[in-house]
Protein chains: 2
Amino acid sequence: MTKKQLIEQIRLKKSFLCIGLDVDLDKIPSHLKQLDDPIFEFNKQIIDATHHLTVAYKPNIAFYEAYGIKGWQSLEKTIKYLNNNYPEIFTIADAKRGDIGNTSTRYAKAFFDDLNFDSITVAPYMGRDSVEPFLAFEDKFTILLALTSNAGGLDFQTSEYNNEQLYQSVLKTSLNYKNSDNLMYVVGATRPDFFQKIRKIVPHHFLLVPGVGAQGGSLQEVCKYGLTDNIGLLVNSSRGIIYASNSEDFAEKATEKALELQKEMELLIKS
Amino acid sequence: MTKKQLIEQIRLKKSFLCIGLDVDLDKIPSHLKQLDDPIFEFNKQIIDATHHLTVAYKPNIAFYEAYGIKGWQSLEKTIKYLNNNYPEIFTIADAKRGDIGNTSTRYAKAFFDDLNFDSITVAPYMGRDSVEPFLAFEDKFTILLALTSNAGGLDFQTSEYNNEQLYQSVLKTSLNYKNSDNLMYVVGATRPDFFQKIRKIVPHHFLLVPGVGAQGGSLQEVCKYGLTDNIGLLVNSSRGIIYASNSEDFAEKATEKALELQKEMELLIKS
């Protein structure tokens, strides 16, 4: 998918919502558990119930890997279902991968070519030659961790050197990587004070923003400095939507929660 | 496995060699390719031919993930084969994972419980709550990326702040994490000048050292400051051993190459 197509989708749906498909067998409605592939069934129903309100889905790969080969089968079925039925939707493999050059290429092929995700999250610690193999793929996006939403995010990411914090250095340095147009960045919604500084370094790149809802981030505060002329934001909600109910009405309740966020986003886009 | 058991193995075999099982279908001998699971067959023969010379095996997970579900099956069979036939050998999932708390726990369970690896490599960028879920597992080890062997490793890891380089901060900070005894660190063999500084911060922790051989690191230079009274090193070689030949004699040649390194290590342990 191109960035242009993503922006068109956002304009069309008046939404920059991303829904996190972090599926935990202990949390899904019990009536699904007797099915052959409860994770895929859950995803399918969530997707069917929310696709008109969201522009992106983001399975966190850990949740699938946790179930071994069965988990990978659920992941494959989910991404195929998305690509076949809703090809206009942007897909994010939240994998936080990163390794030395030739090895990163293997991860990139696995997620971009074989699974046909539009994007993948990547950790920046290993630097240029761990990131560029992902950036080499055309019309695919590499979402670099910049400032994460968790408490430990402050262990290193905001450490200061040469008057610059590490996450700022990650943003600036990565702009010099080859094909840096294919970059997006993860910035937690729990860090609203940082968005102004971040937009000075990356005024146009998309930011993937987790941490709204369960983790306590505010959509309004994120948008204050995060929104650009081309929107430039994908705001993720996982638990708040997919586990809005754990009864048979889970998909319906997911629609309601997604609709609430979409309506809020529509107002923010207008203003 | 406990650290004591690992050290006993090293003393017994007079080797601190780790063999990287980074299996690329394009590089394995052609006679294996007609088999049902060429990757597992290749690993099995490499393991049978080298287990007496090495104390650890380290599959890089990217190489398996690259083949999707089939790749995961090969990985499962490989780790089961190791655990069933050579339970004394230390196993490392070179996965470079790391995510927010509850998600890291899922990765930890996948690799420690389900696959029964002894250890996993983890990226430090997300800080404490992304690492501690791995450290919570008893007799399992979390191998944190500190100073990696690739060129891009210098993009951020050696950036200086508060008179301290980032990798030093990672070492020092992580020592305060809960269960930090379960930590080991990745330090590239291509950075021999750093070992003295590193040993000042972590005098006793094991270092996993990739980059000897194909990447140009020197075993002698690594040992100069890296070796401790309890050895404290696992030095990895992948391509130099497993692809020593791509003919039918590949396992034999792997034995030869592993023996060369083991002999070199034996001398270094003595001196």
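Residues numbered from 1 in each chain as written. Chains lettered and ligands numbered in written order. Predicted model: local features only at pLDDT ≥ 70, side-chain atom pairs only at ≥ 80, totals over all residues. Heavy atoms only, no water.

*Asks:* Looking at this structure, I do not really get the overall build of chain A. What am I missing?
*Replies:* Tallying secondary structure elements over chain A gives 12 helices and 10 strands in all. Its C-alpha atoms give chain A a radius of gyration of 18 Å, within 12% of the compact-globule value 18 Å for 271 residues. Principal-axis analysis of the C-alpha atoms places the extent of chain A at approximately 55 × 45 × 35 Å. Counting every position in chain A, which comprises 271 residues, the buried fraction comes to 63%. Just so you have it, chain A exposes about 10100 Å², and 46% of that area is on carbon and sulfur atoms. If the 30 positive side-chain charges of chain A are averaged to one point and the 34 negative ones to another, these points end up 3 Å apart. (Helix = DSSP H or I, 4+ residues; strand = E, 2+ residues; numbered from the N terminus. Rg over C-alpha atoms; globule rule 2.2 N^0.38 Å. Buried < 20%, exposed > 50% of the residue type's maximum accessible area, 1.4 Å probe, protein only. Areas by Shrake-Rupley, 256 points an atom, 1.4 Å probe, with all protein chains shown as cover. Lys, Arg positive; Asp, Glu negative; His and termini not counted. Charge placed at Lys NZ, Arg CZ, Asp CG, Glu CD.)

*Asks:* I'm lost on the layout of surface pockets in this one. Help?
*Replies:* One way to see where empty space is left: roll a probe the size of a water molecule over the atoms. The computed volume of the largest pocket comes to approximately 400 Å³. Along the walls of the largest pocket sit 30 residues, with Ile100(A), Asp22(B), Lys58(B), Gln215(B) and Ser238(B) positioned nearest its centre. Broken down by element, the residue count for the lining of the largest pocket peaks at three residues, all from helix α5 (residues 101-114) of chain A. The residue inventory of the lining of the largest pocket, partitioned by class, reads nine nonpolar, 12 polar and nine charged. A volume near 180 Å³ is recorded for the second largest pocket. In this structure, the second largest pocket is lined by Asp24(A), Asp26(A), Lys27(A), Phe63(A), Ala66(A), Tyr67(A), Asn102(B), Thr105(B), Arg106(B), Lys109(B) and Asp114(B). When residues in the lining of the second largest pocket are grouped by element, the largest group, five residues, is from helix α5 (residues 101-114) of chain B. Considered class by class, the residues forming the lining of the second largest pocket number three nonpolar, two polar and six charged. (1 Å grid on protein atoms, 1.4 Å probe; cavity = no way out; pocket = protein on both sides within 12 Å on 5 of 7 lines; lining within 4 Å. Points joined across faces, edges and corners; volume = space filled by probe spheres on them. Nonpolar A, V, L, I, M, F, W, Y, C, P; charged D, E, K, R; others polar.)

*Asks:* What should I look at first to understand the packing of helix α10 (residues 219-226) of chain B against helix α12 (residues 250-270) of chain B in this one?
*Replies:* Working note: a packed helix pair is described by the angle between its axes plus the distance between those axes. Residue and element names in this part refer to chain B. Closest axis-to-axis distance for the α10/α12 pair is 11 Å, and the angle between their directions is 30 degrees. Every pair of crossing elements has a handedness; the one defined by α10 and α12 is right-handed. Of the residues in α12, those in contact with Leu 219, Gln 220 and Cys 223 of α10 are Leu 261, Glu 264, Met 265 and Leu 268. (Axes fitted to C-alpha atoms, helices over the stretch in contact; angles between N-to-C directions. Left-handed = near helix turned anticlockwise from the far one by under 90°. Contact = heavy atoms within 4.5 Å.)

*Asks:* So what exactly am I meant to see when it comes to the pattern of salt bridges here?
*Replies:* Oppositely charged side chains may form a pair once their charged atoms are brought near each other. Counting across every chain of the model gives 28 salt bridges over all chains. With its nearest N and O atoms 2.9 Å apart, the salt bridge here joins Arg106(A) to Asp24(B). On the criterion of chain membership, the pair formed by Arg106(A) in helix α5 and Asp24(B) in the loop between β1 (17-20) and α2 (38-50) is interchain, its members lying in two chains. A single burial state applies to Arg106(A) and to Asp24(B), both of which are buried. (Salt bridge = Lys/Arg side-chain N within 4 Å of Asp/Glu carboxyl O.)

*Asks:* Any chance you could explain the interface of chain A and chain B here in plain terms?
*Replies:* Interface size is commonly expressed as the accessible area that is lost once the parts come together. Contacts between chain A and chain B engage 56 residues on the former and 56 residues on the latter. Buried surface at the junction of chain A and chain B, both sides included, amounts to about 4700 Å², of which 58% is carbon and sulfur. Area buried by chain A at its contact with chain B is led by Arg106(A), Tyr125(A) and Phe156(A), which between them contribute 21% of it. Where chain A touches chain B, the interface holds six salt bridges. A salt bridge links Asp99(B) to Lys96(A), with the shortest nitrogen-to-oxygen separation between them at 2.8 Å. In this assembly, chain A and chain B are joined by 32 residue pairs in polar contact (both at pLDDT 80 or more). The biggest single contributor to the side of chain A that touches chain B is α5(A), with seven residues. (Buried area = accessible area lost by both parts, 1.4 Å probe. Polar contact = N/O pair within 3.5 Å; in protein donor to acceptor, adjacent residues only side chain to side chain.)

*Asks:* Would you take a moment to explain empty space enclosed by the protein for this structure?
*Replies:* Enumeration according to the criterion identifies three cavities of 30 Å³ or more in this entry. Space inside the largest cavity adds up to approximately 380 Å³. Lining the largest cavity are 31 residues, with Asp22(A), Pro210(A), Gln215(A), Ser238(A) and Ile100(B) sitting closest to its centre. Those elements that place two or more of their residues in the lining of the largest cavity are β3 (90-97), β10 (233-237) and α11 (239-242) of chain A together with α5 of chain B. Along the lines of polarity and charge, the residues of the lining of the largest cavity split into 10 nonpolar, 13 polar and eight charged. If you add up the space inside the second largest cavity, you get close to 40 Å³. Contributing to the lining of the second largest cavity are Lys96(A), Arg97(A), Gly98(A), Ala123(A), Tyr125(A), Met126(A), Lys96(B), Ala123(B) and Leu145(B). Across the lining of the second largest cavity, the residue classes break down as five nonpolar, one polar and three charged.

*Asks:* What am I meant to see in the relation of the copies chain A and chain B here?
*Replies:* One copy of the chain maps onto the second through a rotation about an axis and a displacement along it. Superposition of chain A onto chain B requires a rotation of 180 degrees combined with a translation of 0.0 Å along the rotation axis, giving an RMSD of 0.0 Å. When the rotation and shift are considered jointly, the pair of chain copies conforms to a two-fold rotation axis. Minimal C-alpha separation from the rotation axis in chain A is found for Tyr161(A), amounting to 1.9 Å. Of the interface residues in chain A, 100% have counterparts in chain B that sit at the interface too, so the contact is made through matching surfaces. (Least-squares fit on C-alpha atoms with pLDDT ≥ 70 in both.)

*Asks:* What is the right way to look at the sheet that holds β10(A) in this model?
*Replies:* Through backbone hydrogen bonds, the strands of a sheet pair up, either in parallel or in antiparallel fashion. Residue and element names in this part refer to chain A. Spatial strand order, β1-β2-β3-β4-β5-β8-β9-β10: eight strands in a closed barrel with parallel pairing. Ignoring strand direction, the axes of neighbouring strands in this sheet form an average angle of 30 degrees. Examined bridge by bridge, strand β1 (residues 17-20) and β10 share three bridges and lie parallel to one another. Within β10, the residue paired with Ile 19 across the bridge is Ser 237. (Pairing = 2+ DSSP bridges.)

*Asks:* Can you walk me through the pairing of β1(B) in this structure?
*Replies:* Residues Leu17(B) and Ile19(B) line one face of β1(B) and the alternating positions Cys18(B) and Gly20(B) line the opposite face, and both faces are buried. As a crossover connection, the stretch from β1(B) through α2(B) into strand β2 (residues 56-58) of chain B is right-handed. (Right-handed = clockwise from strand over helix to strand, strands pointing away.)

*Asks:* Teacher, can you tell me more about helix α10 (residues 219-226) of chain A here?
*Replies:* For an α-helix, the turn length of 3.6 residues means that residues three or four places apart are oriented alike. Residue and element names in this part refer to chain A. Residues of α10 that are buried: Leu 219, Val 222, Cys 223 and Gly 226. Projected onto a plane normal to the axis of α10, the buried residues spread over an arc of 95 degrees and lie on a single side. Those residues of α10 that are exposed and angled more than 90 degrees off the buried face are Gln 220 and Lys 224. Its buried side turned inward, α10 meets α9 (195-201), β9 (207-209), β10 and α12 (250-270). (Arc of directions from axis to C-beta.)

*Asks:* Sorry if this is basic, but what is going on with the side chain of Lys13(B) here?
*Replies:* Here Lys13(B) shows up in helix α1 (residues 3-13). The side chain of Lys13(B) sits in the buried core without any salt bridge; Glu88(B) is the nearest counter-charge, 4.4 Å away.

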